2 protein chains.
Amino acid sequence: MTQTHEALRLLRSQSLSSVVQDEIEQRILSGAIAAGARINENGLASELGVSRGPIREACRGLVEMGLLTVIVNRGFFVREVTRKDAIDVYDVRSSLMRLAGETLAGQISDSQLGTLEKLVADMDLAENENDFENFYALNREFHDRIVDFAENDRLRALCEGLVKELHLYRRRSLLQGGGLNVSNHEHKEIVEALRSHDPTRAGAALERHIQAGKKRFLAAAEIE
Amino acid sequence: MTQTHEALRLLRSQSLSSVVQDEIEQRILSGAIAAGARINENGLASELGVSRGPIREACRGLVEMGLLTVIVNRGFFVREVTRKDAIDVYDVRSSLMRLAGETLAGQISDSQLGTLEKLVADMDLAENENDFENFYALNREFHDRIVDFAENDRLRALCEGLVKELHLYRRRSLLQGGGLNVSNHEHKEIVEALRSHDPTRAGAALERHIQAGKKRFLAAAEIE
DNA sequence: TTATTGTAAATTGTCAACAATTTGCAATAT
DNA sequence: ATATTGCAAATTGTTGACAATTTACAATAA
């Protein structure tokens, strides 16, 4: 009975809509619901054991997040991110990561530098062991931490959204798992720049890094 | 009867939810609904002549846009943008406008330069006549055009959202009407930089311009 | 006076049902 | 064979109703 108790406790702090929204988001990003596919409100409602109300509310939120599009009288569809969209997103993201670097360089603490260094070291290990999955997770945390440390809530929210949007494209192409040949050397450069507390240098290092990622991504997308 | 006909035609291309969403957004940005105020679903529903369903769907969208927040069992509230929030948004916006400048410098056409020059000239006129309202409108179009011309859809959408968010804060303080002492000189510098097709110079000019706006804004907010 | 408790009203969260629209598909015509 | 027409089923858009929760406020106690 602890399960229903848990469920009830959850509903006092979260509405069904937000739980459903997270669930649908998960399914979209994992690829369980394909790009371009329609969200079947009835089907999803009965599968999740809720009515269509929360489903539709969740979908409205996901539309504003850029994960769904809506066509009147036809329904909600998983957004199809074009190559041009992905390029646009990469450019915006590189610009924002540059801001993160510029901001962070002037305020980063030794303990924060330590955290980043640890992540880079772990990535070295993962790289040597060809543990791509772990490398990917560490890489993602590395970027997340940099944004977190910059302490700009809007920046954090936007970066989070951009990464999700890229996933919407990425999962079609190989990417992530494949490692995309991310060089840990760039990460070391970034940490060095941050340690020097030079905003311009740190911003440039991060911008270069994302732009390099964009190039790798485009090269990989070319193949498919 | 042409009115109901119009209304019906509209509903075939737009859902009630999106119409309601625009309406609520308008009320928030105009200040008709105060920051921190709760959205009364029943009240708004009967006032707009719709049921609570579309109202709630619209609110979910506005939450994701950052104009509303939601508290379980308490409802939707107009977001209260703090001074720190505003600073964060300005920093993000200056970074994105820099990207717009960098992008645009390499691809701007003579006709587009002409459009921007015309706007600057009109602003000169409005400035001389102390027509603050017109100056504000022209100033806004100037920035919108620059973003449009950069042809990055994500950038455009994000900038639009950031401007709305700033309005949420600014409308309390004086803002716009007060003119905030925006110097047209900075605009001329921006156009010159774009004409030189130098990405770095154009990006820097725009970043400086928004940062200057941030300073003016903070100084004005200090007074209140 | 100030806190506390209890109850009624207001409000939100969710659901089920109905009307309007779209989709699927067979029957028909070209 | 291809296009067109005409239903029937599926699906979306919207509504009204009901349960759960919060808010407002009067009655009571300290």
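Residues numbered from 1 in each chain as written. Chains lettered and ligands numbered in written order. Predicted model: local features only at pLDDT ≥ 70, side-chain atom pairs only at ≥ 80, totals over all residues. Heavy atoms only, no water.

Explain the relation of the copies chain A and chain B residue by residue, including any values.
Each of the two chain copies can be brought onto the other by rotation about an axis and movement along it. Overlaying chain A on chain B yields an RMSD of 0.1 Å, the required transformation being a rotation through 180° with an accompanying axial translation of 0.0 Å. What we have between these two chains is a two-fold relation. Comparing interface residues between copies, 100% of those in chain A also sit at the interface in chain B, which points to an isologous, same-surface contact. (Least-squares fit on C-alpha atoms with pLDDT ≥ 70 in both. Contact = heavy atoms within 4.5 Å.)

Tell me what's going on with the packing of aromatic side chains, and back it up with residues and numbers.
Residues and elements named next belong to chain A. The tally for this structure, following the rule as stated, stands at four aromatic pairs over all chains. With a centroid separation of 5.2 Å and 70° between ring planes, the pair formed by Y169 and F217 is classed as edge-to-face. With a gap of 48 residues between them, Y169 in helix α8 (residues 153–170) and F217 in helix α10 (residues 199–223) connect regions that are remote in the sequence. Side by side, Y169 and F217 carry an identical accessibility label, which is buried. Aromatic ring contacts, followed pair by pair, group Y90, Y169 and F217 into a single cluster. (Phe/Tyr/Trp six-rings, centres within 6.5 Å; stacked < 30°, edge-to-face > 60°. Helix = DSSP H or I, 4+ residues; strand = E, 2+ residues; numbered from the N terminus. Buried < 20%, exposed > 50% of the residue type's maximum accessible area, 1.4 Å probe, protein only.)

Residue-level account of the side chain of E165 of chain B, with values.
Within the secondary structure layout, E165 of chain B lies in helix α8 (residues 153–170). For E165 of chain B, the side chain forms a polar contact with the side chain of R79 of chain B, separated by 3.0 Å. Apart from the residues within four sequence positions on either side, E165 of chain B is in contact with R154 of chain A together with R79, V81 and V89 of chain B. (Polar contact = N/O pair within 3.5 Å; in protein donor to acceptor, adjacent residues only side chain to side chain.)

Can you explain the interface of chain A and chain B? Please cite residues and give values.
Interfaces are often described in size by the accessible area the parts lose on coming together. Each side of the interface is counted separately: chain A has 33 residues, and chain B has 33 residues. Summed over both sides, the interface between chain A and chain B buries roughly 2,800 Å², with carbon and sulfur atoms accounting for 51% of that surface. Looking only at chain A, the three residues that lose the most surface to chain B are E57, R60 and R154 of chain A, adding up to 23% of its buried area. Where chain A touches chain B, the interface holds eight salt bridges. Taken together, chain A and chain B are joined by 17 residue pairs in polar contact (both at pLDDT 80 or more). Counting residues per element, the ones that place at least two in the side of chain A that touches chain B are α1 (2–13), α2 (16–30), α4 (52–65), α5 (83–105) and α8 of chain A. Take the side of chain A that touches chain B: its biggest share by element is ten residues, from α5 of chain A. Within the side of chain A that touches chain B, the residues separate by chemical class into ten nonpolar, eight polar and 15 charged. (Buried area = accessible area lost by both parts, 1.4 Å probe. Salt bridge = Lys/Arg side-chain N within 4 Å of Asp/Glu carboxyl O. Nonpolar A, V, L, I, M, F, W, Y, C, P; charged D, E, K, R; others polar.)

So what's going on with the packing of α5 of chain A against helix α5 (residues 83–105) of chain B? Which residues, and what values?
Running from amino to carboxyl end, α5 of chain A crosses α5 of chain B at an angle of 130°, the nearest separation of the two axes being 9 Å. Looking at the two axes, α5 of chain A sits oblique to α5 of chain B. As for how α5 of chain A packs across α5 of chain B, the hand of that crossing is right-handed. Of the residues in α5 of chain B, those touching α5 of chain A at D91, V92, S95, L96, R98, L99 and E102 of chain A are D91, V92, S95, L96, R98, L99 and E102 of chain B. Its residues assigned to classes, the contact of α5 of chain A with α5 of chain B shows six nonpolar, two polar and six charged. (Axes fitted to C-alpha atoms, helices over the stretch in contact; angles between N-to-C directions. Parallel < 35°, antiparallel > 145°, perpendicular 65-115°, else oblique. Left-handed = near helix turned anticlockwise from the far one by under 90°.)

How would you explain the side chain of R27 of chain B if you had to name every residue and give the values?
In this structure, R27 of chain B sits in helix α2 (residues 16–30). Excluding anything up to four places from it in sequence, R27 of chain B contacts A32, I33, L44, E47 and L48 of chain B.

Now, about the packing of α5 of chain A against helix α7 (residues 132–150) of chain A: what can you tell me, with residues and values included?
Residue and element names in this part refer to chain A. For the pair α5 and α7, interaxial distance at closest approach is 9 Å and the crossing angle is 55°. Overall, the two elements α5 and α7 adopt an arrangement that is oblique. Crossing angle aside, the handedness with which α5 passes α7 is left-handed. Contacts from M97, A100, T103 and L104 of α5 reach α7 at H143, I146, V147, F149 and A150. Of the residues assigned to the contact of α5 with α7, the class counts are seven nonpolar, two polar and no charged.

How would you sum up the domain arrangement of chain A? Please name residues and give values.
All names here are of chain A. Examined at the domain level, chain A breaks down into domain 1 (3–78) and domain 2 (83–223). Between domain 1 and domain 2, the contact holds twelve residues from the first and four residues from the second. With both sides pooled, the region where domain 1 packs onto domain 2 buries about 650 Å², and carbon together with sulfur makes up 63% of that total. Ranking the residues of domain 1 by area buried against domain 2 places L29, A35 and L67 at the top, with a combined share of 54%. The interface formed by domain 1 and domain 2 includes one salt bridge. Its salt-bridge partner being K164, residue E25 comes within 2.9 Å of it at the nearest N-O pair. One can count one residue pair in polar contact (both at pLDDT 80 or more) joining domain 1 with domain 2. The element that contributes the greatest number of residues to the side of domain 1 that touches domain 2 is α2, accounting for four residues. The residue makeup of the side of domain 1 that touches domain 2, split by class, is eight nonpolar, three polar and one charged. (Domains from an automatic or database assignment.)

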